[in-house]
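Chains, contacts and geometry: an overview
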Amino acid sequence: MADPGPTAVGRAGNHRGSPGRRVAGSPGRRVAGSPPRLGAGCRGEPRRGSGLLSYFLAYAASLLAATLLFTGAWGWSPARAGLAVTPWPLTVLVVSMLSGRVIRALGERATAVVGGVCFAAAPVWWLFLAGGDGAHYAVEFIPGLVLTGIGAGLYQPVMFAAAGLLPARQLSLGSGVLMMSRQGGSALGVAALVVITGGVARPGLDALRAGWVFTAVTAAVAAVAGAALGMGVRTGPRENHGSGADPVRHH
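Rules used in this analysis
Residues numbered from 1 in each chain as written. Predicted model: local features only at pLDDT ≥ 70, side-chain atom pairs only at ≥ 80, totals over all residues. Heavy atoms only, no water. Helix = DSSP H or I, 4+ residues; strand = E, 2+ residues; numbered from the N terminus. Buried < 20%, exposed > 50% of the residue type's maximum accessible area, 1.4 Å probe, protein only. Contact = heavy atoms within 4.5 Å. Areas by Shrake-Rupley, 256 points an atom, 1.4 Å probe, with all protein chains shown as cover. Phe/Tyr/Trp six-rings, centres within 6.5 Å; stacked < 30°, edge-to-face > 60°. Lys NZ or Arg CZ within 6 Å of the ring centre and 35° of its normal. Core = buried A, V, L, I, M, F, W, Y, C linked by side-chain atoms within 4.5 Å. Axes fitted to C-alpha atoms, helices over the stretch in contact; angles between N-to-C directions. Parallel < 35°, antiparallel > 145°, perpendicular 65-115°, else oblique. Nonpolar A, V, L, I, M, F, W, Y, C, P; charged D, E, K, R; others polar. Salt bridge = Lys/Arg side-chain N within 4 Å of Asp/Glu carboxyl O. Expected span 1.5 Å × (residues − 1). pLDDT = per-residue confidence, 0-100.

**Some details on the overall build of the protein**
Helices and strands together make up the secondary structure of the protein, namely 11 helices and two strands. Each helix and strand of the protein, placed in order from N terminus to C terminus, yields the pattern α-β-β-α-α-α-α-α-α-α-α-α-α. Here the protein holds 251 residues, and 43% of them are scored as buried. Restricting the contact set of the protein to residue pairs at least 6 apart, pairs at least 24 apart contribute 70%. Put simply, the protein shows about 12500 Å² of open surface, and 67% of that area lies on carbon and sulfur atoms.

Have a look at this one:
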């Protein structure tokens, strides 16, 4: 293979994040051997990852706590418990269809914060109102399910879309953070709730209330991560394909 020569090496070094070190007296030129620089999108991944991890901790723990309440403290059958949870996914469906308009009106950061706050408000509602034998399910529990649905429908689109806004060379990083946060957070959320409730098959209301405190705290952490989220992403010359358009910025 022919030697590309210093001119070709200099051209390759001009691309942001490409391997190489600067050649003395030749600004913008690099040679192979030095590590690549991290772009703004890459540096934002820890915040996205912490927000998604906290969110899925709350998500999994909330879903399991609701199921344990229905089948344990309230003594409902698994089929009835499954139907009782449906206001949550139905709300997610409706809110997801409207989330684009909300994001355009509020911006990504504010939408993530609103979603996180709504999700945190749900276990607080259950903490103070849920109890008894489920006779007042419509008042005691459905509002919290609607709040979790609103939170999921607003928070997830913003945080998931953040991975797609990364430059092409960092998409694998964003995808990895997303998958790790989703699966790891869900597993840890279930494990945490099991530990908090003592690992019993039918935990009492006091144990479930402790679980709701945990889900409220983790959802609040997700909201804080959304507030600290820097959504701006600059794309390099290759990602713009020579369009001449300004780099994309988001709130």
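**Observations concerning the packing of aromatic side chains**
Tallying each qualifying case throughout the model produces 18 aromatic pairs. By the ring-pair criterion, three or more aromatic residues cluster together here, those being Phe-70, Trp-74, Trp-76, Trp-126, Tyr-137, Phe-141 and Trp-212. Positioned over the ring face of Trp-76 is Arg-80, at 4.0 Å from the centre of the ring.

**A word on the side chain of Glu-140**
Within the fold, Glu-140 resides in helix H7 (residues 137-140). What Glu-140 contacts, discounting residues up to four positions off in sequence, is Trp-74, Trp-125, Trp-126, Leu-129, Ala-130 and Gly-131.

**So, the environment of Cys-118**
With respect to the element layout, Cys-118 can be found in helix H6 (residues 108-129). Judged by its relative accessible area of 16%, Cys-118 is buried. Residues Cys-118 and Ala-216, spaced 98 residues apart in sequence, show a C-alpha to C-alpha distance of 9.9 Å. Leave out the neighbours within four places in its chain, and Cys-118 touches Leu-147, Ile-150 and Gly-151.

**Observations concerning the nonpolar core**
Core analysis: the largest hydrophobic core is formed by 40 residues, its most contacted members being Leu-69, Phe-70, Tyr-137, Phe-141 and Trp-212. Breaking this core down by element, the ones donating at least two residues are helix H3 (45-73), helix H4 (78-85), helix H5 (87-106), H6, helix H8 (142-164), helix H9 (171-196) and helix H10 (205-227). Element by element, the count of residues in this core is highest for H3, at 10 residues. Ignoring sequence-local partners within four residues, the contact set of Phe-141 consists of Ala-66, Leu-69, Phe-70, Trp-74, Trp-125, Trp-126, Ala-130 and Trp-212.

**Thoughts on the packing of H6 against H10**
It is the contact of H6 with H10, at a shortest axis distance of 8 Å, that shows an interaxial angle of 170°. On the basis of their axis angle, the class for H6 and H10 is roughly antiparallel. Seen from H6, the contacting residues are Arg-109, Ala-112, Val-113, Gly-116, Val-117, Phe-119, Ala-120, Pro-123, Val-124, Trp-126 and Leu-127; seen from H10, they are Arg-209, Trp-212, Val-213, Thr-215, Ala-216, Ala-219, Ala-220, Ala-223, Gly-226 and Ala-227. Class assignment for the residues of the contact of H6 with H10 results in 16 nonpolar, three polar and two charged.

**Let's talk about the pattern of salt bridges**
Opposite charge on two side chains lets them pair, provided their charged atoms get close. With the rule as written, the count across this model stands at one salt bridge. Between Asp-206 and Arg-209 there is a salt bridge, and its shortest N-O distance comes to 3.4 Å. Note that Asp-206 and Arg-209 are positioned in helix H10 at a spacing of three residues, about one turn of the helix. Residue classification places Asp-206 among the exposed positions, given a relative accessible area of 63%. Residue classification places Arg-209 among the partly exposed residues on the basis of a relative accessible area of 25%.

**Observations concerning H6**
Every α-helix winds through 3.6 residues per turn, so residues three or four apart in the chain are directed the same way. Here H6 is 22 residues long and its end C-alpha atoms lie 32 Å apart, about the 32 Å a rise of 1.5 Å per residue gives. Turning to H6, its buried residues number three or more, namely Glu-108, Thr-111, Ala-112, Gly-115, Gly-116, Cys-118, Phe-119, Ala-120, Ala-122, Pro-123 and Trp-126.

**Things to note about the confidence of the model for the protein**
Per-residue confidence for the protein averages 78 on the pLDDT scale, and 69% of its residues sit at or above 70. Across the protein, the element-wise mean pLDDT spans from 41 in helix H11 (residues 237-240) up to 96 in H4.

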